[in-house]
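# Breakdown of the fold
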Amino acid sequence: MPSIPSPTSVGAVVHWDMTNTDEIVRRLERGEIEAKDVLVTVDEEVIIPPGCTDLPSALRHAQLQAQCLQVFKFAELKASVLAKVRGNSVFMYEKEYLAVYESITAHRDVWFNVLLRDECRASGTTAILGILCTIRRQRGDLRGCMKVMPAYLAVLEAYGKSIDRSEEDSLWNFKRLEMKANLIRLNCGAQLPDKAMAVKAFRDVVAFEREAKAAGRYLESDADMAEVMGVYIGHQRFHKVSDETIFNSLKVVFGSEESHEDTEAGNCGLKVCGLCDNEEKMQGDFNKCSRCHEQRYCSKQCQVKDWKAHKHLCKKNQLNVESDMLSWITKQLTSNYTKMVEVHSERPVSESQMISAKAGLAKLLKRMLAEDFKQYDTEMGIGDLPYDPAFSQALADYFAAQPGYEEVWRELRIGYKEKLEREMQEKMEKGEIIPSEEAIRHQAVQVALAFKQKMGSMFAEDGETDELMDPVRHNEFVDEIIELSKKFMREHPQFNSYDGLMNMANDPDYITELGVMLALRHFKVEVE
């Protein structure tokens, strides 16, 4: 069968095959070529099925086969080449992966009778559908994920039939893709919930892990489910554990977005335009800044308009807070101070005035975090910055000098810091909590999981889990930690902040109160 032409350049156009991937990635990162300049050509023999006895039907089949193959090659290009460019990921190209799925469902005969008989193509198609399932699962679209699942498993089966099982590398690649499919089914089964699917998938994953470790084929990147679940159940003798116990434990670990974060697919959320509030309808809809590879825009017009502000945050800064977080904060603060003008004046701020104010604020924010407010230059500390009256006064002074804002903020800025200090003091006296409910719950979930991991062996005896492994009891435990955290912050004001919340779990007094609560409410221990 003829191969795709070797890598050549015609002007700015580069033809891709599997041998020149690294070269193209380097050229893309250096800016020598753009993604649109990378072409993939289909130069393969067409296989005409026996049923096509006349020339017109044979031509139609040949054209359909070429179209299906082009869909696959285009998605493979995105996943194998463009995803490797700095700032990109395999999760950016949902449209291309969806096109493969739709082509398979529409032209099943072409795919399963012709295209998937090739081992490399079957492996690549399996990986593409796996990424599509992961994107949907991470987004919370479990039904959408399960809609793709039958085609995913069918392609995986076709891949298994295409390999030479005497070749160990091919066999283990198939087994690893099979394990990844089971991880997705395990996760979905725990959340839907579907007990039979989740438990079977879990046992299959554990069986793969044991076989891979025994054969020296286990990779650090493989998910060690035996280790994870062993912590919760108390041991790894899963053949002695009932399906009900396994399922309850899986629901605790994977049964909610709060209790499980998949860092591999952390970029699966839909992006919001850096200028306006438009949101992607599908992963990869928006273009990203080619300089920082972080900021997304819904259109070229928005990107051009926002450049005046974004250029100050585009490159890696010297602060601890990441540039994308600074961009988001700058956008939110500009929006908040603009809304105050709308409340107090009938004269709205124009788009050009808002963009200009945002640009100046981006520069100011970087300088403030590097100088007068550097104590907030941390991942959690940045959440406390807007609550600092001195910072808010500095922003009021800044906006009082900005066209379109000056009329309102020249008046509001007078005594602004003192006003906010009084309001803050009143909140403290009333026992109001500064960190958001979302931040407190997130911290409580982490505390609950960390505590249970350390005490995992106490939650199991002879293969049975303690009642805390039940999802209902787990959620009650998290709610109790939230209430304890709020009470502790009221009694210890130094922890009533985002930075304080992050450090509270290490405070000896907090840990003691948590232990007493757990002993009294869950182990029914009398505490003197």
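Residues numbered from 1 in each chain as written. Predicted model: local features only at pLDDT ≥ 70, side-chain atom pairs only at ≥ 80, totals over all residues. Heavy atoms only, no water.

### Concerning the packing of aromatic side chains
A complete count under the given rule lists 12 aromatic pairs for this structure. With centroids separated by 5.5 Å and ring planes inclined at 90°, the aromatic side chains of Trp 409 and Tyr 416 adopt a geometry described as edge-to-face. The class for Trp 409 is buried, based on a relative accessible area of 1%. For the pair Phe 488 and Tyr 510, a centre-to-centre distance of 5.4 Å together with 75° between the ring planes defines the contact as edge-to-face. Placement of Phe 488 in helix 18 (residues 471–491) and of Tyr 510 in helix 20 (residues 508–521) is noted, with a sequence separation of 22 residues between them. The class for Phe 488 is buried, based on a relative accessible area of 0%. (Phe/Tyr/Trp six-rings, centres within 6.5 Å; stacked < 30°, edge-to-face > 60°. Buried < 20%, exposed > 50% of the residue type's maximum accessible area, 1.4 Å probe, protein only. Helix = DSSP H or I, 4+ residues; strand = E, 2+ residues; numbered from the N terminus.)

### Notes on the packing of helix 5 (residues 119–139) against helix 6 (residues 142–162)
Relative orientation of the contacting elements helix 5 and helix 6 amounts to 165°, with a least axis distance of 9 Å. Judged by the inter-axis angle, helix 5 sits roughly antiparallel to helix 6. Seen along the crossing, helix 5 lies across helix 6 with a hand that is left-handed. In contact with Glu 119, Ala 122, Ser 123, Thr 125, Thr 126, Leu 129, Gly 130, Leu 132, Cys 133, Arg 136 and Arg 137 of helix 5, helix 6 contributes Leu 142, Gly 144, Cys 145, Val 148, Met 149, Ala 151, Tyr 152, Val 155, Leu 156, Tyr 159 and Ser 162. For the contact of helix 5 with helix 6, the per-class residue count stands at 13 nonpolar, 6 polar and 3 charged. (Axes fitted to C-alpha atoms, helices over the stretch in contact; angles between N-to-C directions. Parallel < 35°, antiparallel > 145°, perpendicular 65-115°, else oblique. Left-handed = near helix turned anticlockwise from the far one by under 90°. Contact = heavy atoms within 4.5 Å. Nonpolar A, V, L, I, M, F, W, Y, C, P; charged D, E, K, R; others polar.)

### Some words on the packing of helix 7 (residues 168–191) against helix 8 (residues 195–215)
Between two packed helices, the angle of one axis relative to the other and the distance separating the axes together describe the packing. Interhelical geometry of helix 7 versus helix 8 gives an angle of 150° and a closest axis separation of 8 Å. Taken together, the axes of helix 7 and helix 8 lie roughly antiparallel to each other. Handedness of the helix 7/helix 8 crossing: left-handed. Contacts between helix 7 and helix 8 pair Trp 172, Lys 175, Arg 176, Met 179, Asn 182, Leu 183, Arg 185, Leu 186, Cys 188, Gly 189 and Ala 190 from the former with Met 197, Ala 198, Ala 201, Phe 202, Asp 204, Val 205, Phe 208, Glu 211, Ala 212 and Ala 215 from the latter.

### Thoughts on the confidence of the model for the protein
Scored by pLDDT, the protein comes out at a mean of 82, with 87% of its residues at no less than 70. Low confidence marks residues 1–11, where pLDDT is under 50. Its contacts with residues over four positions away, or in another chain, come to 23 contacts. Considering only residues more than four positions removed or in separate chains, one finds that residues 457–466, a stretch of pLDDT under 50, has 25 contacts. (pLDDT = per-residue confidence, 0-100.)

### Some remarks on the pattern of salt bridges
Summed over all chains, the structure comprises 24 salt bridges. Measuring nitrogen to oxygen at the nearest pair gives 3.3 Å for the salt bridge that ties Lys 78 to Glu 96. Linking Lys 78 in helix 2 (residues 55–80) with Glu 96 in helix 3 (residues 94–106), this pair joins segments that are 18 residues apart in sequence. Of the charged contacts in the structure, one is a salt bridge between Lys 486 and Glu 437, with a shortest N-O distance of 2.9 Å. Of this pair, Lys 486 sits in helix 18 while Glu 437 is found in helix 17 (residues 437–454), placing the two residues 49 residues apart along the sequence. Relative accessible area serves as the criterion here: at 13%, Lys 486 is assigned to the buried category. (Salt bridge = Lys/Arg side-chain N within 4 Å of Asp/Glu carboxyl O.)

### Concerning unusual backbone geometry
With glycine set apart, most residues show a phi of negative sign, and most peptide bonds adopt trans. Note that the residue after Leu 192, namely Pro 193, is joined by a cis bond; omega there is -5°. With respect to the helices, strands and loops of the structure, Pro 193 is situated in the loop between helix 7 and helix 8.

### A look at a positive patch on the surface
A cluster of basic residues, Lys 308, Lys 311, Lys 363 and Arg 367, forms a positive patch at the surface. In this fold, Arg 367 is placed in helix 13 (residues 351–370). The class for Arg 367 is partly exposed, based on a relative accessible area of 43%. (Patch = residues over 30% accessible without salt bridge, like charges linked within 9 Å, V, L, I, M, F, W, Y side chains within 5 Å. Areas by Shrake-Rupley, 256 points an atom, 1.4 Å probe, with all protein chains shown as cover. Lys, Arg positive; Asp, Glu negative; His and termini not counted. Charge placed at Lys NZ, Arg CZ, Asp CG, Glu CD.)

### Let's talk about the side chain of Asp 388
Mapped onto the secondary structure, Asp 388 falls in the loop between helix 13 and helix 14 (389–399). Of the buried charged residues, Asp 388 lacks a salt bridge, with Lys 417 as the closest side chain of opposite charge at 7.1 Å. For Asp 388, the residues in contact, after removing those within four places along its chain, are Phe 373, Gln 375 and Tyr 376.

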